[in-house]
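Chain residues, written in single-letter form:
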Amino acid sequence: SPLVGTPVKVTAADLDGREHDVSAAAGKVRVVDFWATWCDPCRDQLPFLDRLAADYGPRGLSVYAVAFDEDRDAVERFLAETPVSFTVLWDKGGAALSQSLEVTRLPTTLLVDRRGIVRDVHLGFEKGEEAKLEAAVRRLLAE
């Protein structure tokens, strides 16, 4: 991905309308996941990301999930059924971020180091990939 080696540039509002700038989390390792409620692999990945946030948050991990749904209510309904502890942002239809970040497939997951540099971009999600992603997060946390 052309994003690898570049500073993370993700700003979006949460479901309450508050803006979040992912690059402002200096000193933290960040996982930034682009997803949608209609995407089955995305739905499968969110509970895993929630576990990562719980397990590694105390060690300096911040997790963000940016929903690309057109309908905000669909995101809210999904999160009511599948609550997560991390920050969920909403970019209606991916209008603000999909093109600038070249997100062409969901889920797309960015792994960002403590300096705010994108170190890895993971496309898609299948059961069994959790160990690989978790190992990458642990490596970044150890730096």
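The following refers to the structure shown.

Conventions used here
- Residues numbered from 1 in each chain as written.
- Predicted model: local features only at pLDDT ≥ 70, side-chain atom pairs only at ≥ 80, totals over all residues.
- Heavy atoms only, no water.
- Helix = DSSP H or I, 4+ residues; strand = E, 2+ residues; numbered from the N terminus.
- Polar contact = N/O pair within 3.5 Å; in protein donor to acceptor, adjacent residues only side chain to side chain.
- Contact = heavy atoms within 4.5 Å.
- Pairing = 2+ DSSP bridges.
- Axes fitted to C-alpha atoms, helices over the stretch in contact; angles between N-to-C directions.
- Salt bridge = Lys/Arg side-chain N within 4 Å of Asp/Glu carboxyl O.
- Buried < 20%, exposed > 50% of the residue type's maximum accessible area, 1.4 Å probe, protein only.

Quick look at the side chain of Thr109
- Within the fold, Thr109 resides in strand E6 (residues 108-112).
- A polar contact of 3.3 Å, which involves the side chain of Thr109, links it to the side chain of Gln45.
- Excluding anything up to four places from it in sequence, Thr109 contacts Val31, Val32, Asp33, Gln45, Asp120, Val121 and His122.

Considering the sheet that holds strand E7 (residues 118-123)
- Taken together, seven strands build an open sheet; the order of strands is E2-E1-E5-E4-E3-E6-E7 and the sheet is mixed. Looking at strand neighbours, the two that pair on one side only are strand E2 (19-21) and E7, the edges of this open sheet. For this sheet, the mean inter-axis angle between neighbouring strands, taken without regard to orientation, is 30 degrees.
- Sheet analysis places strand E1 (residues 11-14) next to strand E5 (residues 87-90), joined by two bridges and oriented antiparallel. From the neighbouring strand, Ala13 faces E5, where its bridge partner is Trp90.
- Strand contacts of helix H3 (residues 130-142): strand E3 (29-35), strand E4 (61-67), E6 and E7, with the helix running at about 25 degrees to E6, the strand carrying the most contacts.

Quick word on the pairing of E7
- When E6 meets E7, the two strands line up antiparallel, connected through five bridges. Looking across to E7, one finds that Val112 is bridged to Val118.
- The hairpin formed by E6 and E7 contains five residues between the paired strands, and Gly116 there has a positive phi angle of roughly 90 degrees.

Observations concerning the pattern of salt bridges
- If you walk through the whole model with that rule in mind, you get 10 salt bridges.
- Residue Asp113 is joined to Arg115 by a salt bridge in which the shortest nitrogen-to-oxygen separation is 3.0 Å.
- A residue is classified by how much of its surface remains accessible, and Asp113, at 1% relative accessible area, is buried.
- Here the salt bridges do not stand alone but share partners, grouping Arg51, Asp55, Glu134 and Arg138 into one network.

Some words on the environment of Arg30
- Here Arg30 is to be found in strand E3.
- Residues Arg30 and Leu141, 111 residues apart in the sequence, show an inter-C-alpha distance of 9.6 Å.
- A polar side-chain atom of Arg30 sits 3.0 Å from the main-chain carbonyl oxygen of Lys28.
- Among the polar contacts made by the side chain of Arg30, one reaches the main-chain carbonyl oxygen of Asp113 at a distance of 3.0 Å.

As for the environment of Val88
- Position of Val88 relative to the elements: it lies in strand E5.
- Through-space distance from the C-alpha of Val88 to that of Ala65 is 4.8 Å; in sequence the pair is 23 residues apart.
- When near neighbours in sequence (up to four residues on either side) are disregarded, Val88 contacts Asp14, Leu15, Trp35, Ala65, Val75 and Leu79.

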